[in-house]
Amino acid sequence: MSNLDAKTDPIVVTGMGAVSPLGVGVDVNWSRLIDGQSGIVAHDRFDTEAFAAKIAGVVPAKQDDAHGFAAEDHISPKEIKKMDIFIQYGMAAADEALAQAGWAPQTDHEKERSAIVIATGVGGFPAMTAATRTIDSRGPRRLSPFVVPSFLANLAAGHIAIKHGLKGPSGAPVTACAASAQAIGDGLRLLLNGEADVAVCGGAEACVDPVSIGGFAAAKALATKFNETPSEASRPFDKEHAGFVLSEGAAVLVLERLSHAEKRGATPLAIVSGYGTTSDAYHLTASAPDGEGGQRAMKQALAMAGIQTGDISYINAHSTSTPVGDAAEIAGISAVFDGRGKDLPVTSTKSSTGHLLGAAGAIEAVYSILAIRNNIVPGGMNIIDPEPEADRFELAPNAPIEWDIKHVLSNGFGFGGVNATLIFSQI
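Just so you know, these numbers come straight off a predicted model, no measurement behind them. (Residues numbered from 1 in each chain as written. Predicted model: local features only at pLDDT ≥ 70, side-chain atom pairs only at ≥ 80, totals over all residues. Heavy atoms only, no water.)

**Observations regarding the overall build of the protein chain**
Counting secondary structure elements, the protein chain contains 15 helices and 15 strands. Over its C-alpha trace the protein chain gives a radius of gyration of 20 Å, about what one expects of a compact globule, namely 22 Å for 427 residues. When the accessible surface of the protein chain is split by element, carbon and sulfur atoms take 53% of a total near 16,300 Å². Within the protein chain, the 47 negative side-chain charges are centred at a point lying 6 Å from the centre of the 32 positive side-chain charges. (Helix = DSSP H or I, 4+ residues; strand = E, 2+ residues; numbered from the N terminus. Rg over C-alpha atoms; globule rule 2.2 N^0.38 Å. Areas by Shrake-Rupley, 256 points an atom, 1.4 Å probe, with all protein chains shown as cover. Lys, Arg positive; Asp, Glu negative; His and termini not counted. Charge placed at Lys NZ, Arg CZ, Asp CG, Glu CD.)

**So, the packing of aromatic side chains**
Applying the stated criterion across every chain, the model contains 4 aromatic pairs. Taken together, the ring pairs connect Phe216, Phe244 and Phe415 into an aromatic cluster. (Phe/Tyr/Trp six-rings, centres within 6.5 Å; stacked < 30°, edge-to-face > 60°.)

**What to know about helix H6 (residues 125–138)**
Between the first and last C-alpha of H6 there are 20 Å, a value that for 14 residues agrees with the 20 Å anticipated at 1.5 Å per step. Those residues of H6 not exposed but buried are Phe125, Pro126, Ala127, Thr129, Ala131 and Thr134. Against the buried residues of H6 lie helix H7 (147–151) and helix H10 (210–218). The positive-phi residue at the C-terminal boundary of H6 is Gly139, with phi of around 95°. (Expected span 1.5 Å × (residues − 1). Buried < 20%, exposed > 50% of the residue type's maximum accessible area, 1.4 Å probe, protein only. Contact = heavy atoms within 4.5 Å.)

**Observations regarding the packing of helix H12 (residues 292–305) against helix H13 (residues 323–336)**
Close contact between H12 and H13 brings their axes to 9 Å; oriented N to C, the two are set at 45°. Compared by their axis directions, H12 and H13 come out oblique. The chirality of how H12 crosses H13 is right-handed. Residues Gln295, Met298, Lys299 and Leu302 of H12 form the contact with H13, whose participating residues are Gly332, Ile333, Ala335 and Val336. Residues that form the contact of H12 with H13 fall into these classes: 5 nonpolar, 2 polar and 1 charged. (Axes fitted to C-alpha atoms, helices over the stretch in contact; angles between N-to-C directions. Parallel < 35°, antiparallel > 145°, perpendicular 65-115°, else oblique. Left-handed = near helix turned anticlockwise from the far one by under 90°. Nonpolar A, V, L, I, M, F, W, Y, C, P; charged D, E, K, R; others polar.)

**What to know about the layout of surface pockets**
Of the volumes computed, that of the largest pocket is approximately 560 Å³. Lining the largest pocket we find 36 residues, and of these Thr285, Ala286, Thr322, Gly325 and Phe415 sit closest to its centre. Every element with two or more residues in the lining of the largest pocket is listed here: H12, H13 and strand S14 (407–414). The element best represented in the lining of the largest pocket is H13, accounting for 6 residues. Across the lining of the largest pocket, the residue classes break down as 15 nonpolar, 17 polar and 4 charged. Estimates place the volume of the second largest pocket at around 410 Å³. For the second largest pocket, the lining is made up of 22 residues, of which Val58, Val59, Pro60, Ala61 and Asp64 are closest to its centre. Taken together, the elements giving at least two residues each to the lining of the second largest pocket come down to strand S3 (40–42) and helix H4 (85–101). Each residue belonging to the lining of the second largest pocket can be placed in one class, and the counts come to 11 nonpolar, 6 polar and 5 charged. (1 Å grid on protein atoms, 1.4 Å probe; cavity = no way out; pocket = protein on both sides within 12 Å on 5 of 7 lines; lining within 4 Å. Points joined across faces, edges and corners; volume = space filled by probe spheres on them.)

**Comments concerning the side chain of Ser319**
Within the element layout of this structure, Ser319 appears in the loop between strand S10 (314–316) and H13. You can call Ser319 buried: its relative accessible area is 2%. The residues touching Ser319, leaving out its near neighbours within four places in the chain, are Pro236, Phe237, Asp326, Glu329, Ser348 and Lys350.

**What about the pattern of salt bridges?**
If you walk through the whole model with that rule in mind, you get 15 salt bridges. Lys82 is paired through a salt bridge with Glu79; the nearest N and O atoms lie 3.1 Å apart. For Arg264, the salt bridge goes to Glu256, with nearest N and O atoms at 2.6 Å. Accessibility expressed as a relative area gives 25% for Arg264, which makes it partly exposed. With relative accessibility at 0%, the residue Glu256 sits in the buried group. (Salt bridge = Lys/Arg side-chain N within 4 Å of Asp/Glu carboxyl O.)

**A word on the packing of H4 against helix H8 (residues 155–164)**
Contact pair H4 / H8: the axes reach a minimum separation of 9 Å and the direction vectors enclose 45°. Accordingly, the angle class assigned to the pair H4 and H8 is oblique. For H4 against H8, the interelement crossing comes out right-handed. Residues Phe86, Ile87, Gly90, Met91, Ala94, Asp95 and Leu98 of H4 lie in contact with H8, whose contacting residues are Leu155, Ala156, His159, Ile160, Lys163 and His164. Grouping the amino acids of the contact of H4 with H8 by side-chain chemistry returns 8 nonpolar, 3 polar and 2 charged.

**Comments concerning the nonpolar core**
Within the largest apolar cluster, 52 residues are counted, with the highest numbers of intra-cluster contacts made by Met16, Leu253 and Leu255. Considering every element that reaches this core, the biggest residue donor is helix H15 (residues 360–374), with 10 residues. Apart from the residues within four sequence positions on either side, Met16 is in contact with Val26, Glu96, Ala97, Gln100, Val252, Leu253, Leu269, Val366, Ile369 and Leu370. Counting 32 residues, the second largest nonpolar core, distinct from the first, contains Ile75, Ala156, Leu166 and Ala250. (Core = buried A, V, L, I, M, F, W, Y, C linked by side-chain atoms within 4.5 Å.)

**Focus: the environment of Ala331**
Within the secondary structure, Ala331 is located in helix H13. Judged by relative accessible area, which is 27%, Ala331 ranks as partly exposed. A C-alpha to C-alpha distance of 7.7 Å links Ala331 and Glu389, two positions 58 residues apart in sequence. Among all residues touching Ala331, those that are not within four sequence positions of it are Pro289 and Asp290.

Put into structure tokens, the structure is as follows:
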């Protein structure tokens, strides 16, 4: 695929779907994000008395919120019992994205040219831990025959493919918190390589579970000092950042060539212009202090997009509200964007949603595209006393700002030293 082809007939986004702690649906996600609302709460998924972290970013239930989640809105009762909740969230996000894109393949050719790449960091963790408890308390004969397919990481992609007749290439990156950014990158590559005409890609995660929260807390990764004020817990780039907030949700994009979208009358929302992915080869859970691996991913994405650092209008940072991670990313951004300052907004929408792990890159892709379409930078919430290294950039503290946005760079970094950077551009 030549650069000329990529420029004259780029890969565009024609559909988006979102399920997050801010609600179900792209529109409500954006309105609540820009309104400065938080989806982080003191949850009741399990008894948190013995846990250091008692909060999480939980998708609201429809019974409590008109814009909340109800599985039966998207899945038949017979099928619900076959799926852990991460699959259910993925199904809802895919329904919305495909409906907006207007893609419902009918012919064999259309089905066979429709790819599906849905990532997750953990998969059906609650189903796994529940199955273990069942074996311990009642024995293995009491397990459901659906327990294994309910938790397998690739089954979000599998169920979406079955429901919508997507018979093209299938994938499920499981690269921790970079997973869904890589899924979008994989979808981009499939289209550029001519292996598909449409790629349905994104991520799904739902592991607000005693083992995951207990485990991350044991690793000193979670915010534990804001249990009484949950909305203040996620604070990337603020001096009081002391850990991330575990969250859940899903987001899905529909990608296709601009010519393909125009031929069938679909509306392009943004261009996926750049992608880069690298490995740190440094540490299991921490980036190098200078963010070297992330620097290379950002440079690769810029090169693919054919733009310069001065062309980036906004960076939606991966930063999760951990001191080590935030510092490494800002160091990496500062090195790549040397010479930029308050003319470059850098915020992390995790300040409102918490960290969706394997679905983080996808939900942040949705927000990045909406930032372009609305010329608004989401506010960096809970920034009271910013870290000096970050404060060289425009942090949009505690409120959104109007901004002329043509290109957004969005980062996703994960355990194991995985880095993924996406660039979205104005049509």
